[in-house]
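# Close look at the chain arrangement
One-letter residues, chain by chain:
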Amino acid sequence: MIESIIAAIIGLSAGVGGTVVYARQKASGGKNEAEKALAAAKNKASDIVLKAKDEALALVDDAKKEESNRRKELQKTEARIAERESNIDRKLDELDKRNEKLRKSEDEVESLKDEIREIRGRQQEKLEKIAGLKKSEAAEKLMEMTEKDIKHDLVGLVNKLQNDAVQDAEERAQTVVLTAMERMSSEVTAERTITAIKLTDEEMKGRIIGKEGRNIQAIQRATGVDILVDDTPGMIILSTFDPVRRQVARLALEILMKDGRIHPARIEEVVAKAEKEIDKDINRAGEDAAREVGVVGIPKEMLRLLGELKYRTSYGQNVLLHSTEMAHIAGMIAEEIGADVRVVKIATLLHDVGKAVTHKIEGKHHHIGAEFARKYGMSEEISHAIEAHHDDVEATTPEALVVRVADALSAARPGARNISAENFVERMRDLENIALGFKGIDKAYAISAGREVRVIVQPNAVDDLTAIKIARDIANKIESTMQYPGTIKVNVIRETRAIEFAK
């Protein structure tokens, strides 16, 4: 700032000098004018110099004041820093004192712990001398006493937890299953592997046999069906493992009997006509089933296989009706639990299509059905659900589990399947023998048509916790060794009876 003022003064002086020179140069113009100009220039220069000096002094005063203020601020800052340092030093001293106290306290605690350990050791020695037992033996006795005291409580707790879990699961499952079942009713037709045809009269038997058996041989050759003509009045029997061929033979014989013309040439013509009619009926049955269930986009080849199930039965249950019933039930369950309804319906509708070709292709029907589904471009979700509806393939999707549950529901429904008395008795006996094979079992009864096994245990040999374990083990063995539709309840009963006689 001061350098700027000095430079300004030097500049002004130079300007005055220049003015004087100019005035001298104008001396030829008149001396008076030169003198006046010189005087004016000197006055102006004097004023400028004085003004510059005043400004310089003012700037110097301002600089001194600013410097003084800065020094005061620096002094205040130094004072604050010094105060903070003193506070920090004081706090460090306090921390050192606290650390010292903590170290002393830790030492005291350790010494107290040592004293307590020593006292406990002496007490344990005295207790062992008084009781005559070592620590491990005393612990065992204490555990035995504690187990006896809390065993009843543990049994109650286990039963409560099991009941709560079962109640929650059963409540949800019952809601879903009952909602599906109460909305579903279907007709079940039971057919055998043979078909009986009623004749119009006894003379018709001879006409069907023909001269030297030519007619019956032509029918058997054209249809691939065995025709049994016995002493039963007014009836002949058609027998074959292929239900479609049996149906073709039945229709052909009905046409022949109605027409009255029965000879080898006519037989071939009528059988060809019957095959066309049955073929149309098969396609129509598959399409009608898909339409009834409400699904579209199924390949024609799969619908053809589905239609053939119209003439198939399993344990006396019509397979096509079983499949459509399953599709309705499974769709309701899938909708309740949030599974893919379309995948479930298609998979349940097609789950038994393998049965239509089991007499032609070796293997289990669910594996065959899954292979056909993959062959004709159906999704893996549908193919897996078809393949996993029996236990030999693990169900890894919710849709596959729904198909398996629906299959069990439809097959286990009362009246759905015909079981011979011998097979029924054998299954009841197997259930009882499985239960009696466990230790501590007194009696076992298969009741409710094999839906429940009631087991009575020996109360002296089996306690409450063991009874719970036995029930679980029996259920696991039944699952692993037997084939059955639906579920079987294992009911283990343990009771103690006190009997006394008053004499």
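Report follows, based on the coordinates. (Residues numbered from 1 in each chain as written. Predicted model: local features only at pLDDT ≥ 70, side-chain atom pairs only at ≥ 80, totals over all residues. Heavy atoms only, no water.)

## Some details on the overall build of the protein
Looking only at helices and strands, one finds 15 helices and eight strands in the protein. Across the 503 residues that make up the protein, the buried fraction comes to 32%. Surface accessibility of the protein: about 33,100 Å² in total, with carbon and sulfur atoms responsible for 53%. (Helix = DSSP H or I, 4+ residues; strand = E, 2+ residues; numbered from the N terminus. Buried < 20%, exposed > 50% of the residue type's maximum accessible area, 1.4 Å probe, protein only. Areas by Shrake-Rupley, 256 points an atom, 1.4 Å probe, with all protein chains shown as cover.)

## So, the environment of Glu 254
Note on placement: Glu 254 falls in helix H6 (residues 243-259). Residue Glu 254 is classed as partly exposed on the basis of its relative accessible area of 33%. Spatially, the C-alpha atom of Glu 254 lies 9.3 Å from that of Lys 198, the residues being 56 residues apart in sequence. One polar contact links Glu 254 to Arg 250, side chain to side chain, over a distance of 2.6 Å. (Polar contact = N/O pair within 3.5 Å; in protein donor to acceptor, adjacent residues only side chain to side chain.)

## A look at the layout of surface pockets
Looking at the second largest pocket, its volume works out to about 500 Å³. In terms of lining residues, the second largest pocket is bounded by 14 residues, among which Gln 162, Ile 468, Ala 471, Arg 472 and Val 490 are the most central. At the level of elements, helix H3 (135-182), helix H15 (464-481) and strand S8 (489-493) are the ones that each hand at least two residues to the lining of the second largest pocket. Per element, the largest residue contribution to the lining of the second largest pocket is six residues, and it comes from H15. Broken down by class, the residue content of the lining of the second largest pocket amounts to seven nonpolar, four polar and three charged. (1 Å grid on protein atoms, 1.4 Å probe; cavity = no way out; pocket = protein on both sides within 12 Å on 5 of 7 lines; lining within 4 Å. Points joined across faces, edges and corners; volume = space filled by probe spheres on them. Nonpolar A, V, L, I, M, F, W, Y, C, P; charged D, E, K, R; others polar.)

## Considering a positive patch on the surface
Residues Lys 72, Lys 76, Arg 80 and Arg 84 make up a contiguous surface patch of positive charge. If you trace the backbone, Arg 80 turns up in helix H2 (residues 31-131). Of the residues examined, Arg 80 reaches a relative accessible area of 46% and is grouped as partly exposed. (Patch = residues over 30% accessible without salt bridge, like charges linked within 9 Å, V, L, I, M, F, W, Y side chains within 5 Å. Salt bridge = Lys/Arg side-chain N within 4 Å of Asp/Glu carboxyl O. Lys, Arg positive; Asp, Glu negative; His and termini not counted. Charge placed at Lys NZ, Arg CZ, Asp CG, Glu CD.)

## Observations concerning the packing of helix H10 (residues 341-350) against helix H12 (residues 380-387)
At a minimum axis separation of 9 Å, H10 and H12 run at an interaxial angle of 45°. With respect to H12, the element H10 is oriented oblique. The handedness of the crossing between H10 and H12 is right-handed. Here Val 343, Ile 346, Ala 347 and Leu 350 of H10 come into contact with H12, specifically with Glu 381, Ile 382, Ala 385 and Ile 386. (Axes fitted to C-alpha atoms, helices over the stretch in contact; angles between N-to-C directions. Parallel < 35°, antiparallel > 145°, perpendicular 65-115°, else oblique. Left-handed = near helix turned anticlockwise from the far one by under 90°. Contact = heavy atoms within 4.5 Å.)

## Examining the nonpolar core
For soluble globular proteins, nonpolar side chains are generally found buried alongside one another. Ile 298, Met 302, Leu 306, Leu 349 and Leu 350 are the most contacted members of the largest nonpolar core, which has 44 residues in total. Residue contributions to this core peak at eight residues, all from helix H9 (residues 319-337). In contact with Met 302, not counting residues within four places along its chain, are Leu 350, Val 353, Gly 369, Phe 372, Ala 373, Tyr 376 and Met 378. Residues Ile 197, Leu 238, Val 248 and Leu 251 belong to the second largest nonpolar core, which totals 27 residues. (Core = buried A, V, L, I, M, F, W, Y, C linked by side-chain atoms within 4.5 Å.)

## A closer look at the side chain of Lys 355
Among the secondary structure elements, Lys 355 is positioned in the loop between H10 and helix H11 (365-375). According to the relative accessible area criterion, Lys 355 is buried, its value standing at 13%. Discounting chain neighbours no more than four positions away, the residues touching Lys 355 are Leu 309, Arg 312, Ser 314, Val 319 and His 365.

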